[in-house]
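Here is what each chain is made of, one letter per residue.
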Amino acid sequence: MIRRTKTPFRKELLDEGAGVLRGEKEVAEKKMDEHDSGGGRSADKVPGADDEGSTAPLPEKVQVGGSPMYKLEKKLGKGGFGQVYVGRRIGPTNFANERGGPGALEVALKFEHRSSKGCNYGPPYEWQVYNALGGSHGVPRVHYKGRQGEYYVMVMDMLGPSLWDVWNNNSHTMSIEMVACIAIEAISILEKMHSRGYVHGDVKPENFLLGPPATPEEKKLFLVDLGLGKLLNLPVNVVPETFFRDNGCLMFSPIVACFVTATRWRDSSTGHHVEYDQRPDVFRGTVRYASVHAHLGRTGSRRDDLESLAYTLIFLLRGRLPWQGYQGENKGFLVCKKKMATSPETLCCFCPQPFRQFVEYVVNLKFDEEPNYAKYISLFDGIVGPNPDIRPINTDGALKVGHKRGRLTMEEEEDEQPKKKVRMGMPATQWISVYNARRPMKQRYHYNVADTRLSQHIEKGNEDGLFISCVASCSNLWALIMDAGTNFSAQVYELSTHFLHKVSFDFELYTPLNANSTYSCLLYSSFVFTKEWIMEQWEKNYYISAIAGANNGSSLVVMSKGTQYLQQSYKVSDSFPFKWINKKWREGFYVTAMATAGSRWAIVMSRGAGFSDQVVELDFLYPSEGIHRRWDSGYRITSTAATWDQSALVLSVPRRKPADETQETLRTSAFPSIHVKEKWAKNLYIASVCYGRTVS
Ligand SMILES: Nc1ncnc2c1ncn2[C@@H]1O[C@H](COP(=O)(O)OP(=O)(O)OP(=O)(O)O)[C@@H](O)[C@H]1O
């Protein structure tokens, strides 16, 4: 079985991969920009698209893998990696004249340059997927493939226009019946693909093609572009170094793992669902149609294809999606935020009921939940005409799914529990409090504490032998948790109005490994005050042990002596700095404290944190599903922070397992004062607390 390892090597490896993905994201976004501004052009057919293939001229004639000879004719399309041309069969041949099939007079030739990112390890990854799926329901057949000169060439059945072309050529409209037929057929195509263990990963109107016009297949729907897995390829220059660093050829396997899990939801050797993971800097797909989970960097699974299909259908029906038109560097974040904030009712306000129901079903699917394809198909039965022969799109494939339909829906309806809806379109903020099992100890909390009252509580706590274990802020008032069991020997704190709000750059500071070495830091005048204070404390062997930020920009930094930390580094940034965290993970740092002030994040990472692995769950609401999955794998929440938009939870695996691993979390609209006492009665103590966005 291919498993993701929990070694630092894995982090490094995936980070390199993520670098590639960020590159790909730009491609996807660029395409969307073209799409958004031009309005009349398909994302795959943007002006200047020809430039990319200019590394080497395409051959005039092609013959690969025992195929007949083809002459290149008109260009059919172009994507991020490949160029597709009509190939006309020429010359003496033993092949019978066929319309389709291996002897077809006209074929589609897909060229991919050997230096393309999809070909770092040899033939494009898409070839493997076509080997497994080609010719199955809704997937075109590939007849020959091989390399000619600088290009990998795939000879496949010629198809017709894409759904985007049809929509575009029909004044940006499509009839309800047509879209309902597309829904039925597309769900059945995805069902077939998923049943073979694959997910597509880039479902969008441009990737659904009809059969060639004026042929018996002109109303048949096909799904193309099966090569999304290639996006996880690493660039050639990082491969050798990464491969050999751990000095074992087995180190190929994590690469294969991150490669394969991109397009398979089911592990081919074990038959199990692939493991859940979230890497917030990884994005696969096309911004406009991507699922929210894909935006957030979660491992792709069947639900993502269905969510993208839902957006595809609504786009074809309404001609526009509510998150179109965002531009700039922050586009992915803004689009994702808008998707989260758009309820199925709002998204489908001008669409017939079945479309809304479909959206509702698919956005509520769990990571490894088996979609009920038959039920989704049956939603659209009432819209399409009763006679399948005169439907605008052939829905034959769906009949096979439909055979099981009656039975399935009945069983399903009996068993089905009402589901909690995840996307209500109504943002709200709450307290998140995390409780750990501990040996009985004294813990004290204060909340709604104004700046002026802070010192009094802290001094009293110190007198009673308590030190601050965590801090948080709500409505510019502080919450303070003080414990007897921190193991700290001394503590200092700094209340500052200059910590977060004036900083307009990302910056970081390092403590020296020993007190004599020089600091390596960047200075920004507005930050000097707190920065200098922190550095002074670092000199005296105090380390940041808790941090909170208020909406008015002020901050509370608590530094303690007697921590196990060896070195510390922190960063303040406008968006969640996952890339930086990733980099620091590779250097042996782990997140030990987090805070937000307005929409800014402050992250503290430490060496010697006592963790063997760490992950981040980032979402526009409380990421319950991810947390439960992580808990099951031995992770426990160690830091929390939330802005008005997002909540981030850091989960870690401790090097030394506590005797009792119990951890509970609460979300409450008011500070959980009564609940805390109930938890204490069970020897559960507050380990982390924050206030911010947790419901949507
Ligand atoms: N078999 C085919 N017959 C006709 N046209 C095709 C065929 N395959 C692909 N095309 C056209 O070429 C375009 C690009 O193909 P495809 O999506 O496979 O390329 P890609 O480079 O892998 O794309 P992407 O950038 O989305 O990954 C399609 O949108 C479609 O217009």
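Criteria and cut-off values
Residues numbered from 1 in each chain as written. Predicted model: local features only at pLDDT ≥ 70, side-chain atom pairs only at ≥ 80, totals over all residues. Heavy atoms only, no water. Pairing = 2+ DSSP bridges. Helix = DSSP H or I, 4+ residues; strand = E, 2+ residues; numbered from the N terminus. Axes fitted to C-alpha atoms, helices over the stretch in contact; angles between N-to-C directions. Domains from an automatic or database assignment. pLDDT = per-residue confidence, 0-100. Contact = heavy atoms within 4.5 Å. Parallel < 35°, antiparallel > 145°, perpendicular 65-115°, else oblique. Left-handed = near helix turned anticlockwise from the far one by under 90°. Near = heavy atom within 4 Å. Polar contact = N/O pair within 3.5 Å; in protein donor to acceptor, adjacent residues only side chain to side chain. Areas by Shrake-Rupley, 256 points an atom, 1.4 Å probe, with all protein chains shown as cover. 1 Å grid on protein atoms, 1.4 Å probe; cavity = no way out; pocket = protein on both sides within 12 Å on 5 of 7 lines; lining within 4 Å. Points joined across faces, edges and corners; volume = space filled by probe spheres on them. Nonpolar A, V, L, I, M, F, W, Y, C, P; charged D, E, K, R; others polar. Salt bridge = Lys/Arg side-chain N within 4 Å of Asp/Glu carboxyl O. Buried < 20%, exposed > 50% of the residue type's maximum accessible area, 1.4 Å probe, protein only.

(A) Expanded view of the sheet that holds strand S9 (residues 428-437). Pairing within the open sheet is antiparallel, and its three strands lie in the order S23-S9-S24. A strand with exactly one partner marks an edge of an open sheet, and here the two such strands are strand S23 (663-668) and strand S24 (684-695). For this sheet the average axis-to-axis angle between neighbouring strands, irrespective of direction, equals 20°. Bridge count for S9 against S23 is six bridges, and the pairing is antiparallel. In the strand pairing of S23, valine 434 is matched with threonine 665.

(B) Layout of the domain arrangement of the protein chain. Domain parsing of the protein chain yields domain 1 (61-156), domain 2 (161-233 + 256-403) and domain 3 (427-505 + 527-695). Measuring from the centre of the C-alpha atoms in domain 1 to the corresponding centre in domain 3 gives 56 Å.

(C) Highlighting the confidence of the model for the protein chain. Overall, the predicted model of the protein chain reaches an average pLDDT of 81, with 77% of residues at or above 70. The low-confidence segment residues 405-412 (pLDDT under 50) makes eleven contacts with residues lying over four places distant or belonging to another chain. Between residues 500-528, whose pLDDT stays under 50, and residues either more than four places distant or in other chains, the model counts 69 contacts. Overall fold confidence (pTM) sits at 0.82, and the ipTM for the predicted complex is 0.96.

(D) Just the packing of helix H8 (residues 302-318) against helix H11 (residues 353-363), in detail. Interaxial distance between H8 and H11 falls to 9 Å at its minimum, and their mutual angle equals 155°. By the angle between their axes, H8 is roughly antiparallel relative to H11. H11 is crossed by H8, and the crossing has left-handed handedness. On H11, the residues touching Leu306, Glu307, Leu309, Ala310, Tyr311, Leu313, Ile314 and Leu317 of H8 are Phe355, Phe358, Val359, Val362 and Val363.

(E) Highlighting the environment of threonine 486. Looking at the secondary structure, you find threonine 486 in the loop between strand S12 (477-483) and strand S13 (490-496). Expressed as a C-alpha distance, the spacing of threonine 486 and threonine 270, which sit 216 residues apart in the sequence, is 44 Å. Leaving out residues up to four positions away in the same chain, threonine 486 has contacts with Phe467, Ile468 and Ser469.

(F) Representation of the site of the ligand in the model. Around the ligand lies a shell of 22 residues, among which Gly80, Gly82, Lys110, Asp157 and Asp225 are the nearest. In this structure, glycine 82 approaches the ligand through a main-chain N or O atom, which is 2.7 Å from an oxygen atom. One of the side-chain N or O atoms of aspartate 225 is found 2.5 Å from an oxygen atom in the ligand. Contact with the protein chains removes 96% of the 620 Å² of surface that the ligand exposes when unbound. Broken down by element, the shell around the ligand gets its largest block of residues, three residues, from strand S2 (residues 69-78).

(G) Up close: empty space enclosed by the protein. Tallied over the entire structure, the rule returns six cavities of 30 Å³ or more. Of the voids in this model, the second largest cavity is the one considered here, and its volume is about 120 Å³. Contributing to the lining of the second largest cavity are 16 residues, with Gly201, Asp202, Ala294, Asp304 and Ser308 lying nearest its centre. Looking at the lining of the second largest cavity, the element that brings in the most residues is H8, giving three residues. Considering only residue class, the lining of the second largest cavity consists of five nonpolar, seven polar and four charged.

(H) Summary view of the sheet that holds strand S15 (residues 543-549). Judged by pairing direction, the sheet is antiparallel, and its three strands sit side by side in the order S13-S16-S15 without closing on themselves. In this open sheet, the two edge strands, each paired with only one partner strand, are S13 and S15. Each neighbouring strand pair of the sheet contributes to a mean axis angle of 15°, computed without reference to strand direction. Here six bridges tie S15 to strand S16 (residues 555-561), and the two strands are oriented antiparallel to one another. Bridge assignment links isoleucine 544 to a residue of S16, and that residue is methionine 559. Each of S13 and S16 is contacted by helix H15 (residues 451-463), which is oriented at about 175° to S13, the strand it contacts most.

(I) Spotlight on the pattern of salt bridges. Inspection of every chain in the model, using the stated rule, returns 23 salt bridges. In this structure, the salt-bridge partner of lysine 460 is aspartate 464, at a minimum N-O distance of 2.8 Å. Overall, aspartate 464 belongs to the partly exposed group, its relative accessible area being 28%. Where glutamate 587 meets lysine 584, a salt bridge forms, and the shortest distance between an N and an O atom there is 2.8 Å.

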